Amino acid sequence: MKRALAFLMVLVMGLGLLCGCGTTANTEQGGNDGDEAIVLKLGVTTNQTAVHYTSSAAFGEELQKVSGSKMSLQIISDGALGTVAHHFAQLKAGTLDCFVTGVSDAEILQGGNDFGVMCTPFLFQSQDHYEKFIGSNVFASMMSKVEEGNGVKFVGETCMNFPRGLNTKMPVYKLDDMKGVKIRVSNNPIYLTSWDVLGATPVTVDGSPYMAVEQGLADAQENDIVLSISIGCTEVCPYYMQTEYVYQSLGLYMSQATWDKLSDTQKGWITEALAASKDAFTTQLFASMDETVAKAVDEGGLTVIPKEESDIESFRAPIAENIAKIAEAEGFDVTLYEQIRDLAE
C-alpha cells in the first residue's frame, strides 16, 4: 500500500509540473522583505464543516491579523486537489503552498513509517503527554527524516483533535469487559493487531461504522465521541467509554520550496499566527464537544463512562507486552514506544 501511495505521489508531482501550476507565494528566495502582499494556497481533503477546514480558516484569519493583511490564505477544500497523497506530492512539486492534515499522516511519506507509532493504542497518558511528544527531540528526529526526503516543512499544529474512545452496546470499564466483543475497526494493521492482543474480535466492514453495529456485524466501534454521535452510532451503541486511547492533532505542512522563499519576517508571521489560532481554536472546539455530548446524554440516551472510572491500565499492559508484534505489523521502530512513554515522566 505504501509503495502504491509513493508511486501515486510521484505521478501526481509529474502531472503538476506538466500542467505548469505555480505556487501563489510569488517571492524570490531571500528577495522579499515582507512588504509584498502574498496569498498562500492551502489544501484540505475535507468539506468546509470539518475541523481540517475550520482550523485552517482560523489560522488564515489570524495570519491576516498579525501580518497587517500582507499574508492571507486561499483554502481549497472538499478534496478538490485530490487525496492526502496528492496534496503531499504537490507540496513537493512546489505547486501547493500548504496542506492541513493529521500530523501522523506523514506515515505515508518516504521515510515516514515511524509515524505509525502515534496510533498505538494507550501510548499516551494524556493530552499533555501527547503535546510533550510533539515538542520533543524524538518527534523532531522523526519529522526531519520526512522533511528531507519529501520537500515538506512541518510548521506546527493547527489544533488538537478529539481523542478516540470506545462506543459499545454494553458498558465497558475494564479489559475483561471487551473479551470476545466484535469491534468494528478500519482496515489498518495497528488497530487489527492491537484489538486482537487485547482479546476483542476486530472486524472490518465496508461502509460506515453505524451500518456495522446496526446490522449486528459488530457490537462496538472506535472513534471520537463527536463523530460517533454525528454518524448515529450512539443510537445503536448507547455507551461511550472515554478511554482517550489514541490522541490526535492536525498539522500545517508547507512546501519547502515555498518556505525557503519567505523572509524571516513572513515566517515569523506564520508561526505566530499558527500558535495563537491553535490555542484559541482548540479551546472553542472542545467547548463545542462538551455541548454536543451533553445534548446526546440529555436527549439521546447516551451514557458516558469517564476515563477516571475505567481501568485504563488493564488495557495498556497487554499493549506494552505485545508492542514488538504491533510494531512489526505497522512497520515502525519498536524502540520509539518506550522513548515516547518515557516522556510522560
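Structure's up top.
Definitions and limits used
Counting of residues starts from 1 at the beginning of each chain's written sequence and follows it residue by residue. Only residues with pLDDT of at least 70 are given local features in this predicted model, and only at 80 or more are side-chain atom pairs given and counted; all residues enter the totals for whole chains, interfaces and linings. No hydrogens and no water enter the side-chain calculation; it runs on all heavy atoms of the structure. The working definition used for a salt bridge is a side-chain nitrogen of Lys or Arg within 4 Å of a carboxyl oxygen of Asp or Glu. Think of it this way: any DSSP run of H or I at least four residues long counts as a helix, any run of E at least two long counts as a strand, and we number them from the N terminus. A simple rule labels every residue: compare its accessible area, found with a 1.4 Å probe on the protein chains alone, to the largest value its type can have, and call it buried under 20%, exposed over 50%, or partly exposed in between. Any two strands between which DSSP finds at least two bridges are classified as paired. For a helix, the expected span equals 1.5 Å multiplied by the residue count minus one.

Chemist: Before we move on, could you go through the pattern of salt bridges and cite the residues and values that matter?
Modeler: Across all of its chains, the model carries eight salt bridges by this definition. The closest approach of N and O atoms between Glu 244 and Lys 307, which form a salt bridge, is 3.6 Å. On the criterion of sequence distance, the pair formed by Glu 244 in strand E8 (residues 239-255) and Lys 307 in the loop between strand E9 (303-305) and helix H12 (312-321) is long-range, its members being 63 residues apart. Taken together, the shared-partner salt bridges connect Glu 131, Glu 157 and Lys 278 into one network.

Chemist: Explain the pairing of E8 to me, using residue names and the numbers behind them.
Modeler: Burial runs high along E8: 13 of the 17 residues are buried. With five bridges joining them, strand E3 (residues 98-102) and E8 adopt antiparallel strand pairing. Counterpart to Cys 98 in the pairing with E8 is Met 254. For strand E4 (residues 152-168) and E8, the ladder comprises twelve bridges, and the chain directions are antiparallel. Its bridge partner being in E8, Asn 161 is matched across the sheet by Gln 248. Summarising the sheet, E8 and E9 pair through three bridges and their orientation is parallel. For Tyr 239, the partnering residue across the bridge sits in E9 and is Thr 303.

Chemist: Requested: an account of helix H11 (residues 264-300), with residues and values cited.
Modeler: For H11, built from 37 residues, the straight-helix expectation of 54 Å at 1.5 Å per residue is met to within 8% by its first-to-last C-alpha distance of 52 Å. Of the residues flanking the end of H11, it is Gly 301, one or two places downstream, whose phi is positive at about 75°.

Chemist: Give a description of the environment of Gly 156 that names residues and reports values.
Modeler: Mapped onto the elements of the fold, Gly 156 is located in strand E4. Residue classification places Gly 156 among the buried residues on the basis of a relative accessible area of 11%. Placed 96 residues apart in sequence, Gly 156 and Leu 252 show a C-alpha to C-alpha distance of 5.6 Å.

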